[in-house]
Amino acid sequence: MNELRETVALALEKAFNGLKTKDEIIQLLEKPPAQEMGDLSLPCFSLAKELKNSPQQIAGDLKEKIKSIKGIESIECKGPYLNFFFETKDYAKKAIESALKEKEKFGLNNELKNKKIMVEFLSPNTNKPLHLGHLRNMSLGESISRIYEASGAKVFRTQIINDRGAHICKSMLAYMNWGKGKTPEKAKKKSDHFIGEFYVMFSEKAKENSMLEIEAQQLLLKWENKDPKVRKLWKQMNSWALKGFKETTKRFDVKFDKEYFESDIYLKGKELIQEGLKKKIFTEQNGAIYIDLEKYNLPNKVVVRADGSSLYITQDIFLAKQKFEDFNLDESIYVVGSEQALYFQQLIQTLELMQYPWAKNMYHLSYGMVYLPDGKMKSREGTVVDADDLMDEIHKMALIEIKKRDKKISKNEAKKRAEIIALSAIKFYLLKVDAVKDIHFNPEESISFEGETGPYIQYTYARAKSILSKAIKPKKIDYSALSLPKEKELSSILNSFQDAVADSMNHKTPHKLCHYLLELSNSFNSYYHEVSVLKAEEKEKNARLALTEAVTITIHNGLKLLGIKTLEKM
RNA sequence: GGGCUCAUAGCGUAGUCUGGACAGCGCAACUGGCUUCUAACCAGUAGGUCGAGGGUUCGAAUCCCUCUGAGCCCGCCA
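Everything quoted here is computed from the prediction, not taken from an experiment.

Caption draft 1: Broad picture of the sheet that holds strand S7 (residues 283–285). Read from one edge of the open sheet, 3 strands run S7-S8-S9, paired in antiparallel fashion. The open sheet terminates on both sides in strands that have one partner only, identified here as S7 and strand S9 (301–304). Direction aside, neighbouring strands of the sheet carry axes that sit 45° apart on average. Pairing analysis gives 3 bridges linking S7 to strand S8 (residues 288–291), with the strands arranged antiparallel. Residue pairing for S8: Gln285 is matched across the bridge by Ala288.

Caption draft 2: Molecular detail of the domain arrangement of chain A. Annotation of chain A at the domain level lists domain 1 (2–86) and domain 2 (270–309). One C-alpha centre belongs to domain 1, the other to domain 2, and the line joining them spans 60 Å.

Caption draft 3: Focus on the environment of Tyr91. Counting through the fold element by element, Tyr91 comes out in helix H5 (residues 88–102). Separated by 388 residues in sequence, Tyr91 and Tyr479 have C-alpha atoms that sit 9.1 Å apart.

Caption draft 4: Spotlight on the protein's contact with RNA strand B. Lining the immediate surroundings of RNA strand B are 59 residues, of which Tyr81, Arg305, Tyr459, Tyr528 and Val531 lie closest. Across the atoms of RNA strand B situated within 4 Å of the protein, the share located in sugar and phosphate is 62%. Between RNA strand B and Tyr459 there is a distance of 2.3 Å, counted from a sugar or linking oxygen to a side-chain nitrogen or oxygen. In the model, a base oxygen of RNA strand B is placed 2.8 Å from a nitrogen or oxygen of the Met570 main chain.

Caption draft 5: Quick peek at the packing of aromatic side chains. In total, this model carries 21 aromatic pairs according to the counting rule given. Measuring from ring centre to ring centre gives 5.2 Å for Trp223 and Trp234, while their planes differ by 70°; the resulting arrangement is edge-to-face. Pair noted here: Trp223 is in helix H10 (residues 211–224) and Trp234 is in helix H11 (residues 228–251), with a separation of 11 residues, a long-range link. Geometrically, the ring pair formed by Trp223 and Tyr266 is tilted, given 5.6 Å between the ring centres and 50° between the ring planes. Placement of Trp223 in helix H10 and of Tyr266 in the loop between helix H12 (262–265) and helix H13 (270–278) is noted, with a sequence separation of 43 residues between them. For the pair Trp223 and Tyr266, one class covers both residues: buried. An aromatic cluster of three or more residues is present, and its members are Tyr175, Phe194, Phe198 and Trp240. One cation-aromatic arrangement involves Arg463 over Tyr528; the distance from NZ or CZ to the ring centre is 3.9 Å. The cationic tip of Lys508 hangs over the ring face of Tyr363; the distance from NZ or CZ to the ring centre is 4.3 Å.

Caption draft 6: Just the confidence of the model for chain A, in detail. Considering every residue of chain A, the mean pLDDT works out to 93; 99% of them sit at 70 or more. Scored as a complex, the prediction yields pTM 0.95 and ipTM 0.96.

Caption draft 7: Fine view of helix H4 (residues 55–65). Residues of H4 that are buried: Pro55, Ile58, Ala59 and Leu62. The buried side chains of H4 occupy one side of the element, clustering within an arc of 100° when seen end-on.

Caption draft 8: Here's a closer look at the sheet that holds strand S10 (residues 331–337). The 5 strands are arranged S6-S5-S4-S10-S11 in an open sheet whose pairing can be described as parallel. Each of the sheet's edge strands pairs with one partner strand only, and the pair in question is strand S6 (258–261) and strand S11 (362–367). The average undirected angle you get between the axes of adjacent strands in this sheet is 25°. Both strand S5 (residues 154–161) and S6 contribute to a ladder of 4 bridges, which runs parallel. Counterpart to Ile161 in the pairing with S6 is Phe261. With respect to the sheet, helix H6 (residues 132–150) is in contact with strand S4 (116–120), S5, S10 and S11, its orientation differing from that of S5 by roughly 160°.

Caption draft 9: Structural view of the pairing of S5. Counting buried positions along S5 yields 7 of 8 residues, so the element is predominantly enclosed. In terms of strand pairing, S4 meets S5 through 5 bridges, oriented parallel. Looking at the pairing, Val119 lines up with Arg157 of S5. Considered for its hand, the β-α-β crossover made up of S4, H6 and S5 is right-handed.

Caption draft 10: Quick look at the pairing of S4. Most of S4 sits inside the fold, with 4 of its 5 residues counted as buried. By the bridge criterion, 4 bridges tie S4 to S10 in an arrangement that is parallel. Looking at the pairing, Met118 lines up with Ser332 of S10.

Caption draft 11: Focus on the side chain of Glu142. Residue position: Glu142 is located in helix H6. On the basis of relative accessibility, which here comes to 6%, the residue Glu142 falls in the buried class. A polar side-chain atom of Glu142 sits 2.7 Å from a polar atom in the side chain of Arg146. Here Glu142 is in contact with Phe121, Arg157, Asp253 and Val254, once residues within four sequence places are set aside.

Parameters at a glance
Residues numbered from 1 in each chain as written. Chains lettered and ligands numbered in written order. Predicted model: local features only at pLDDT ≥ 70, side-chain atom pairs only at ≥ 80, totals over all residues. Heavy atoms only, no water. Pairing = 2+ DSSP bridges. Helix = DSSP H or I, 4+ residues; strand = E, 2+ residues; numbered from the N terminus. Axes fitted to C-alpha atoms, helices over the stretch in contact; angles between N-to-C directions. Domains from an automatic or database assignment. Near = heavy atom within 4 Å. Polar contact = N/O pair within 3.5 Å; in protein donor to acceptor, adjacent residues only side chain to side chain. Phe/Tyr/Trp six-rings, centres within 6.5 Å; stacked < 30°, edge-to-face > 60°. Buried < 20%, exposed > 50% of the residue type's maximum accessible area, 1.4 Å probe, protein only. Lys NZ or Arg CZ within 6 Å of the ring centre and 35° of its normal. pLDDT = per-residue confidence, 0-100. Arc of directions from axis to C-beta. Contact = heavy atoms within 4.5 Å. Right-handed = clockwise from strand over helix to strand, strands pointing away.

Structural data, given as structure tokens:
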């Protein structure tokens, strides 16, 4: 692709008689919007002024001057555009050979070679189970991690467990009052759901009894004073919550390299702020310490309370530094919802004023809210789409579809497939939209298996695999047997896979990769209907088998970067 | 009051950074295609003042300005 771009540019440089250099021409060349317009195009508008001629005329003159270019099948003028058509043979050869040779490495790049990057995501509170918003967060965090790895980076996945504070004490208090010593095992509940019920219970009872809020504050004090009884219960309840989270993240195929606990670090950071106070980075006012951010058009931020106690940002300052020191990072990414955008601006600006050189390498990967038909999800009111319930629900839907298609399938196999399909549907649904956009989730309509979905892409893969399983792998491939427009289109899409991966990495958004995979799948499915691979003449059959295999490799690699698994059969 | 973000067919969206050829795609509607490599598919019809107005440009969904609407945030909460 790039070689052809060069040869075309070189030929044009000649035709221009040195008026434009090769590099200037490369900048001008672009990919036409549609297949029938060719593979590369030179728009002649910008040349009109210098050459004092109409763009149409310039395109026509250039066409006359260029006889033939190696690897270019034909050159056409279409109005002000000069269009180049590549020879399918070489084009297809390049795409297919790279894919078959590089296999699971096809599409990867080295842009971030030797870079160490941390991605912080999920970061739950231990007083309630995970919900749909967490699933969006995890899908994004995991996918971005994989895309960075595909660009050669060493990625450290991390999360900060928010395991202390007033909200945690609320579920503890509810358990002390009404838990009757029950355990998740006895109640036959998933352990984090068990905890969540007490959090909801607290909110309900607190509406009628305002004393409960005060009691919760008192409980927090006891916790801070390390009251053994309180600490024991806290440990017990947190272990239940964490056990439940682990089950959910495992099911979602997410693992962390490092977990930071708020309870371990919430007192840290004060020394750093004291140092900063001496250097006059911070200011004291009425006992509290704050940072002046007015110059940066941001509200000022208190970093230590008047009573000397820490705030969330106190420990975040510490943790940001800790991360860079623990892992010698080149970049630190925080996958956190858009409602915290201002907070992160303040945090990063503060660290820059503290003169940490790495502060500029922090990035808040912000994503939009997830809404339900009746508004924002609120854990304390129980109006959420629970992560586990949603997975179960979609799993059941997938199971029904599988049994429709395969009546003899074993229970175990059906279950395995349903799980992979369900997760694919959920993840793709959450990833295919640009991260900045809010999602309005409608349980009845949102997640489907048809159209622009994960299962659609998995299905394309399974069909292609099914063809491959019915044929012997060809030894020699004659690429000139690939001459159909669809074959050229598919080759072109395969050739741009690496760009799609790099694009998703550079923009920190997997949705571009989702749309790439939809385009590839659509093209292959259309090809599938147009021609038969297995019934073709030997020469065509072999070439088409190779093309089909290249498609499977690309889909497999692409889905993997989204955290989605492929299936040989569907 | 201020800041950030978003606005593209009935609904959901891509394209906006980096201006370019009739604004793509999915769902829903309608039509056609399974004794033919898996119909979770494919092909087609219909559906668009790209929120409004101005500007820059040979050319604007894309860049600039103004306005409107929606969401989020502006705490010594997290």
